[in-house]
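# Summary of the model geometry
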Amino acid sequence: MIDIRELLRELREEPYEKIVIRAPHSGRVEFVVTEPGAKVVAPSGTWKEKPGTLLARLEREQNTKPLYAPQKGEIMSFAGIRSGQFVQAGQELLTIRHFLTKEEVISRILLRALSLFCAPEKGKYYFFPEVDIKIKTKGSQTVHVEDGMELFILSRMKRETTVRYNGPAGIIYAVYFETNDSVDRDKPLIGVCPEDQVESIQDVVRRVQSDWEERD
Amino acid sequence: MDIEKRIQELRDRLKYAQDIFGPTENTNVTMLEAKLEEYIAREPSLTKQDAIRQLETLEELYLFLERKLERELSAMNKVRIVRHPQRICLKDILENVYDNYTEIGGQDDYSIDPSMLIARAYITRKRGKKVHNQPVMVIGQEKGHGQEFRNGGSVKPWGNAKALHYMKVAETENIPIHTYVFTPGSYPIEDYPGAAQQIAKNLYEMAGLKVPVVSVISEGGSGGAEAIALADTRIMMSHGYYSVISPEGAAAIEGRLRGGQRAETKLIEQCAEQLKITADDNRAMGYVDWKIGEPDLGARPEHYDFFRKLRKAVISSTDEIVLNVRGVRLFRSIALKRHKGADVYVRWTLESRAKERLVWMRYMKFRRMAQHAYIDKRHWFSRSSEWTGEFFSSLYSYFRYDLLGKQHKKVTELAEDVHAEMQVVVGRSCKLWKKLISKLPFGQTEEHVDKAGLTSLSAWDEGAQSSGKWQYVSPQAKQDRAVTCPNAGAHGCLDQWAPDLFGEWAGVCSFCGHHFSMEYQWYLHNIFDPGSIFEIFSEIESMNPLKFPGFDQKLDEAKRKTGHKCGCMTFEARIEGTQVMVAMFMGAFRGGSVGAAEGEKFIRAMERARKKQLPFLSYVHGTAGIRIQEGTNGVIQMPRCTMAVRRYTEAGGLYLVLYDTNSYAGPVASFLGCSPYQFAVRSANIGFAGPGVIKETTGMDIPPNYHNAFQALSRGHIQGIWDRREIRANLVQALETMGGRNLYFR
């Protein structure tokens with residue numbers, strides 16, 4: 001059993017993610033961003049087709065390769081490598097500090113606290129009628145699930161199949177799909193957590209929503 | 001009350017003039033405004049009689065100044081006129097030009113594409129006591145005086161498909177078609193049937209329509225216009241424009257602007273002048289048959305005289321087309337020639353021979369166009385010797401493949417039948433004999449079975465890939481450097497050494513199969529039989545027909561750089577001994593853009609292939625579209641070349657298209673996109689408009705792989721994707737198996 005409050009405290013102490021940029025292969029590095037604390041942006045566009053900030057160029061055998069920032073944040077530190085120096089594959093070049101947003105904090109907490117049950121195949125998913133009624137009338141957190149329980153009906157291409165829940169026992173904390181929408185394979189359907197942890201998770205999520213300060 | 005109404009009318013006229021002359025200061029417009037304001041300020045203090053008298057004077061002044069403004073109209077002013085919401089639209093024409101009409105396949109926004117309007121209409125003509133209702137199919141873009149759902153007359157691919165459908169209906173019903181062009185351009189999306197591919201289909205079908213087609217152009221924006229404008233008679237409204245690109249688009253290209261940056265007004269106006277887009281320009285170049293005069297500052301819905309004029313024009317044009325291809329016509333023809341809109345009666349249905357003549361005349365009409373827009377410096381002697389050569393090769397083909405070939409085929413078929421009959425008889429007797437022998441003790445033999453051959457996997461056919469030994473090696477292979485595949489992020493491809501990549505591996509990533517661009521020379525030397533290439537029509541040269549500033553230097557630079565006189569190389573070559581005609585569009589020459597010289601070479605090569613019964617391959621190393629600096633001289637190549645393709649295909653030829661690198665716009669939307677056998681080299685991009693133009697015109701963001709060959713294949717735009725190393729083998733296969741009933745080797 002994990003301590004949710006302890007997890008939040010850890011996140012508060014270090015409210016960012018460190019992203020270490022390493023040389024993808026050996027070569028001569030030429031830094032474009034040179035000052036610690038410089039702001040960098042993540043890839044953008046609907047398909048992430050616009051690259052993030054150009055951090056450095058790595059040249060090997062007259063082939064110059066750009067190295068872009070994978071996340072938004074600021075340059076935390078350089079690994080002491082000078083422009084024009086030869087580096088080995090995997091060698092650390094610099095570190096980006098990416099400040100976590102509210103959504104990222106909540107998703108990290110839920111990822112650690114909840115057990116996700118994912119779609120075994122693509123299709124439309126429905127809860128079993130009795131579960132469905134219970135969810136609609138009293139909410140999903142009143143439904144207790146156990147390993148092997150018949151929980152979903154999978155409907156695809158004019159066939160309907162029963163899908164059994166497979167995972168630790170608990171209550172359904174979150175439902176991640178909409179009725180009548182097609183869910184891709186391996187996408188989460190529900191998040192389950194032990195009954196005694198519901199209170200603390202809800203409390204932590206509330207506190208994150210109200211107190212967490214987002215930084216650029 | 002009457003005075004107020006008249007003042008409001010003057011206000012509208014003033015607003016219209018201000019809109020037309022745009023941001024530039026015009027003294028006449030300023031004077032109109034000042035005089036109106038002055039009158040409005042004075043009017044309450046005047047007696048009614050004085051007010052009316054002064055208003056009449058003001059109206060006369062308006063008429064006078066409008067006439068003066070009319071003479072000052074620039075090309076860009078005319079562009080603003082056709083784009084103005086008060087400009088007449090197709091519905092106005094249907095109401096005022098035709099005696100009755102029924103809209104088909106849509107009502108306002110309840111339509112598959114409200115920007116394409118189809119109507120069955122009729123024109124009533126009285127001869128004595130007899131009344132003739134002559135039906136026509138009216139097809140055109142509808143701008144609807146700025147109705148938002150009409151999309152400004154920018155037709156989606158399915159709208160053009162609807163137009164084509166009803167053209168075929170008109171052909172079935174044997175009634176003429178009147179098309180009205182009111183479009184700034186086609187809606188550039190690739191969703192099936194695809195902007196480019198549908199325009200290509202339209203052009204291909206219109207090239208062979210067996211009914212008279214009259215086209216009236218108000219706003220003729222490039223490919224969107226061509227989708228319905230291939231006609232026997234093309235009329236242009238005097239205040240319309242017909243252009244390869246919008247002046248704003250041309251200015252963005254000339255000013256090298258990117259990412260939605262706006263060009264300066266001055267540059268836009270300059271481009272509008274230079275592109276020669278007005279009715280007078282197009283009439284002078286021969287791309288429209290006649291110009292129909294509009295009232296001062298352009299036709300608006302209240303100009304009933306104009307509609308009367310237009311009615312006469314479309315009727316007499318249809319009459320003329322029909323009379324030109326039909327039996328008894330002497331006096332009526334003369335009357336129509338002497339006086340446009342002469343009052344004669346002509347039945348508009350055609351008989352089968354007249355239909356054939358109609359299609360032939362349409363072909364010849366377009367074939368004769370754009371002859372002034374390219375350079376052919378050949379001496380008359382070499383021209384006549386080429387003509388004689390073609391005549392004799394055509395004669396040879398006729399005797400060898402038609403006359404003797406048919407007899408030979410009959411004899412061969414007969415021999416095949418006899419042989420097959422014999423086989424049946426001999427086979428049965430042999431079987432009986434073998435059975436008898438096998439029953440004898442000495443006649444029993446063990447059957448030998450190649451077990452290894454049946455149980456082991458077949459070997460990799462290295463012969464098809466030349467074992468990495470190519471006739472031509474790219475200069476890129478001479479560089480000592482590593483190359484990163486653009487898919488390295490997604491597929492984890494490792495860097496590759498250029499001599500390996502561009503040499504042995506023919507520019508194909510050995511990890512993910514991405515095809516790096518190769519020079520066209522690579523294809524010339526590695527696809528065709530060595531030493532078999534024989535270039536033809538190499539003397540035809542690109543020029544600057546519109547005297548576009550700075551373009552001569554750019555052309556000279558391209559000629560010097562490539563060593564070619566235009567962007568299309570036409571040649572005869574052999575593949576595994578089979579003779580083929582090839583038109584190759586080179587991306588290195590002005591981005592592979594197509595102008596009059598390229599079009600002419602393509603058509604001549606098509607005609608030669610038809611005469612010699614050769615298969616035809618269009619290898620598109622790259623094309624950016626129609627060459628904008630040539631204006632309508634370039635855009636007219638779309639129908640011209642497509643008609644040549646149709647003529648060739650109908651004669652039983654095999655027309656293959658192979659796209660490489662990037663192929664966009666006009667050529668894809670016409671003579672390339674109309675082929676039933678289009679293939680792409682892997683990693684090619686095929687489409688109508690580039691991502692920037694799509695974003696600019698539709699506001700949609702498109703994914704980075706939107707124009708990728710695989711997307712084109714899944715949309716049904718192309719028929720297959722070929723690996724570069726297997727092009728030769730695939731072409732051999734295609735020549736053996738695809739289309740063309742009338743090829744010399746069949």
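Just so it is clear, the model here is predicted, and its values are computed rather than measured.

## Here's the deal with the overall build of chain B
Scanning chain B for helices and strands turns up 27 helices and 22 strands. For chain B, buried positions account for 45% of its 746 residues.

## Section: the overall build of chain A
Broken down by element type, chain A carries four helices and 16 strands. In terms of overall size, chain A is more extended than a compact globule, its C-alpha atoms giving a radius of gyration of 23 Å where 216 residues would be expected to give roughly 17 Å. In terms of principal-axis extent, the alpha carbons of chain A reach across some 65 × 40 × 25 Å. By residue count, 21% of the 216 residues in chain A fall in the buried class. Within chain A, residue pairs in contact and separated by at least 24 positions form 68% of the contacts whose partners lie at least 6 positions apart.

## Concerning the environment of E60 of chain B
Checked against the element boundaries, E60 of chain B lands in helix α3 (residues 48-72). When the C-alpha atoms of E60 of chain B and V620 of chain B are compared, they prove to be 60 Å apart, with 560 residues separating the residues in sequence.

## Re the sheet that holds strand β20 (residues 677-681) of chain B
Residue and element names in this part refer to chain B. An order of β13-β15-β16-β17-β18-β20-β22 is seen for the seven strands of this open sheet, with the pairing classed as mixed. Each of the sheet's edge strands pairs with one partner strand only, and the pair in question is β13 (534-536) and β22 (720-722). Across the sheet, the mean angle separating the axes of adjacent strands is 25° when strand polarity is ignored. Strand direction decides the pairing type here: strand β17 (residues 616-620) and strand β18 (residues 655-659), joined by five bridges, are parallel. The residue of β18 that forms the bridge with S618 is V657. Those strands touched by helix α27 (residues 727-737) are β15 (568-575), β16 (578-585), β18, β20 and β22, and its axis lies near 75° from that of β15.

## Side note on the packing of helix α4 (residues 75-83) of chain B against helix α10 (residues 265-274) of chain B
Residue and element names in this part refer to chain B. Packing of α4 against α10 brings their axes to within 7 Å, and their N-to-C directions diverge by 95°. Relative to α10, α4 is oriented roughly perpendicular. Together, A75, M76 and V79 of α4 and I268, E269, A272 and E273 of α10 make up the contact between the two elements. The residue makeup of the contact of α4 with α10, split by class, is five nonpolar, no polar and two charged.

## A closer look at the sheet that holds strand β2 (residues 27-31) of chain A
Residues and elements named next belong to chain A. With antiparallel pairing, four strands are arranged side by side in an open sheet as β5-β4-β2-β7. Both edges of this open sheet fall to β5 (63-68) and β7 (86-87), since each of them pairs with a single strand only. Both strand β4 (residues 54-60) and β5 contribute to a ladder of six bridges, which runs antiparallel. Residue pairing for β5: R60 is matched across the bridge by N63.

## Side note on the environment of I175 of chain B
All names here are of chain B. Examined against the element boundaries, I175 turns out to sit in the loop between α6 (157-173) and β6 (177-183). When the 20 C-beta atoms within 10 Å are taken as the criterion, I175 is described as buried. In this structure the C-alpha to C-alpha distance between I175 and A279, which are 104 residues apart in sequence, comes to 28 Å. Apart from residues no more than four positions distant in its own chain, I175 is found in contact with P135, V136, M137, A170, V211 and W348.

## Some thoughts on the pairing of β16 of chain B
All names here are of chain B. Counting buried positions along β16 yields seven of eight residues, so the element is predominantly enclosed. Pairing analysis gives eight bridges linking β15 to β16, with the strands arranged antiparallel. Directly across from M569, in β16, lies its bridge partner M584. In textbook terms, the turn of a hairpin is the stretch between consecutive antiparallel strands, and for β15 and β16 this stretch comprises two residues, one of which, E576, has a positive phi near 50°. With five bridges connecting them, β16 and β17 associate as parallel partners. Within the sheet, the bridge partner assigned to A583 lies in β17 and is S618. The handedness of the β16 to β17 crossover, carried by helix α21 (residues 596-612), is right-handed.

## Considering the domain arrangement of chain A
Segmenting chain A into domains produces domain 1 (13-99) and domain 2 (103-211). A straight line from the C-alpha centre of domain 1 of chain A to that of domain 2 of chain A covers 38 Å.

## Observations concerning the confidence of the model for chain B
With 95% of its residues at a pLDDT of 70 or more, chain B shows a mean pLDDT of 91. What the predictor reports for the complex is a pTM of 0.87 with an ipTM of 0.76.

## A look at helix α9 (residues 247-254) of chain B
Residue and element names in this part refer to chain B. The element α9 is largely enclosed, with a buried count of seven among its eight residues. Regarding α9, the residues found buried are P247, E248, G249, A250, A251, A252 and E254. Those residues of α9 that are buried lie in contact with α4 and α10. Immediately downstream of α9, the backbone of R256 shows phi near 50°, a positive value.

Parameters at a glance
Residues numbered from 1 in each chain as written. Chains lettered and ligands numbered in written order. Predicted model: local features only at pLDDT ≥ 70, side-chain atom pairs only at ≥ 80, totals over all residues. Helix = DSSP H or I, 4+ residues; strand = E, 2+ residues; numbered from the N terminus. Buried ≥ 20, exposed ≤ 12 C-beta atoms within 10 Å, placed from the backbone. Rg over C-alpha atoms; globule rule 2.2 N^0.38 Å. Contact = placed C-beta atoms within 7 Å. Pairing = 2+ DSSP bridges. Axes fitted to C-alpha atoms, helices over the stretch in contact; angles between N-to-C directions. Parallel < 35°, antiparallel > 145°, perpendicular 65-115°, else oblique. Nonpolar A, V, L, I, M, F, W, Y, C, P; charged D, E, K, R; others polar. Right-handed = clockwise from strand over helix to strand, strands pointing away. Domains from an automatic or database assignment. pLDDT = per-residue confidence, 0-100.

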